[in-house]
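Here are the chains, one letter per residue:
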Amino acid sequence: MRRTVPSLVIASVLALGGVASCAAPESAHETTATASAAPSISAEQLDIVVPADARAITNPADPQATLVLFTDYECPYCAKMDPLIQQAKEDYGDQVRILIRNYPLAKHVNAEAAAQAVEAAAEQGALEEMAATVFEHQADWAAEIDPDDTFAQYAQDLGLAVEKFRADYSSEAIKNRVAKDLQDAKALQLKGTPTLILDGQVLQLESVDYAELQEPLDNALAN
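Throughout what follows, the structure given in this document is the object of discussion. (Residues numbered from 1 in each chain as written. Predicted model: local features only at pLDDT ≥ 70, side-chain atom pairs only at ≥ 80, totals over all residues. Heavy atoms only, no water.)

**Topic: the pattern of salt bridges**
- Enumeration over the complete set of coordinates arrives at 10 salt bridges.
- The residue Asp53 makes a salt bridge to Arg177 at a minimum N-O spacing of 3.7 Å. Residue Asp53 is found in the loop between α2 (46-49) and β3 (55-58), and its partner Arg177 is found in helix α9 (residues 172-187); the two are separated by 124 residues along the sequence.
- For the salt bridge of Arg55 with Glu123, the shortest nitrogen-to-oxygen distance reads 2.6 Å. Highlighted residues: Arg55 in strand β3 and Glu123 in the loop between α4 (111-122) and α5 (127-136), separated in sequence by 68 residues.
- The exposure class of Arg55 is buried, given its relative accessible area of 14%.
- Through salt bridges with shared partners, a single network forms among Asp53, Arg55, Glu119, Glu123 and Arg177. (Salt bridge = Lys/Arg side-chain N within 4 Å of Asp/Glu carboxyl O. Helix = DSSP H or I, 4+ residues; strand = E, 2+ residues; numbered from the N terminus. Buried < 20%, exposed > 50% of the residue type's maximum accessible area, 1.4 Å probe, protein only.)

Below, the structure is given as structure tokens:
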């Protein structure tokens, strides 16, 4: 039996009849997702959605479907989406490949640095742990002028090798990973964050009840 996300979590991420998101720069404010807002993903763009080196939080040997999340760690709606992704990992991880990609929006001044922190932690196998930490403390580091030491403290709290974390965090390789994800998100004309793409189709959730994510996943697995 599939488990459901606790009702308090669901209630915290509902947004006036639709899925609220942090809008990309061409939009002036937060928006509610609608069918017309979703870009279409062409067959030629699938390699952009799912590059070979994308970070996977589930990677079954024979995936029956692929779910890609484009996220911004400074976006409050992405923080609220995270529990649903973790539930999907638990429920579908043996069948569905789940990839996490970066879409740091320009209006979020520390989003790029936060993405680098998560990517640096991923080099030590702690992507999800760092992501959960930066989401939990989002209001703290988002207000800082220079969050580098804060992220290093999170790494230490997670038991990571801090010097390696600092080196990776500031490395060109990690900066290039984040920049490439951002470039791909723009090439796909994604409207904002969070954006979920399942087997090349941008999901249009009417709410953030976990059942809204279960339905397309179940349908993908039934095909």
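Continuing now.
**A word on α9**
- Taking 1.5 Å as the rise per residue, α9 with 16 residues should run 22 Å; its terminal C-alpha atoms sit 22 Å apart, in good agreement.
- Along α9, the residues classified as buried are Ile174, Val178, Asp181, Asp184 and Ala185. Projected down its long axis, α9 shows its buried positions confined to an angular sector of 125°, all on one face. Looking at α9, the residues exposed on the side facing more than 90 degrees away from the buried face are Glu172, Ala173, Gln183 and Lys186.
- In this structure, the buried side of α9 is in contact with α2, β3, β4 (65-71), β5 (96-102), α4 and α8 (162-169).
- Just downstream of α9 lies Gln189, where phi reads positive at about 60°. (Expected span 1.5 Å × (residues − 1). Arc of directions from axis to C-beta. Contact = heavy atoms within 4.5 Å.)

Without other data, these values stay purely geometric and don't point to any function.
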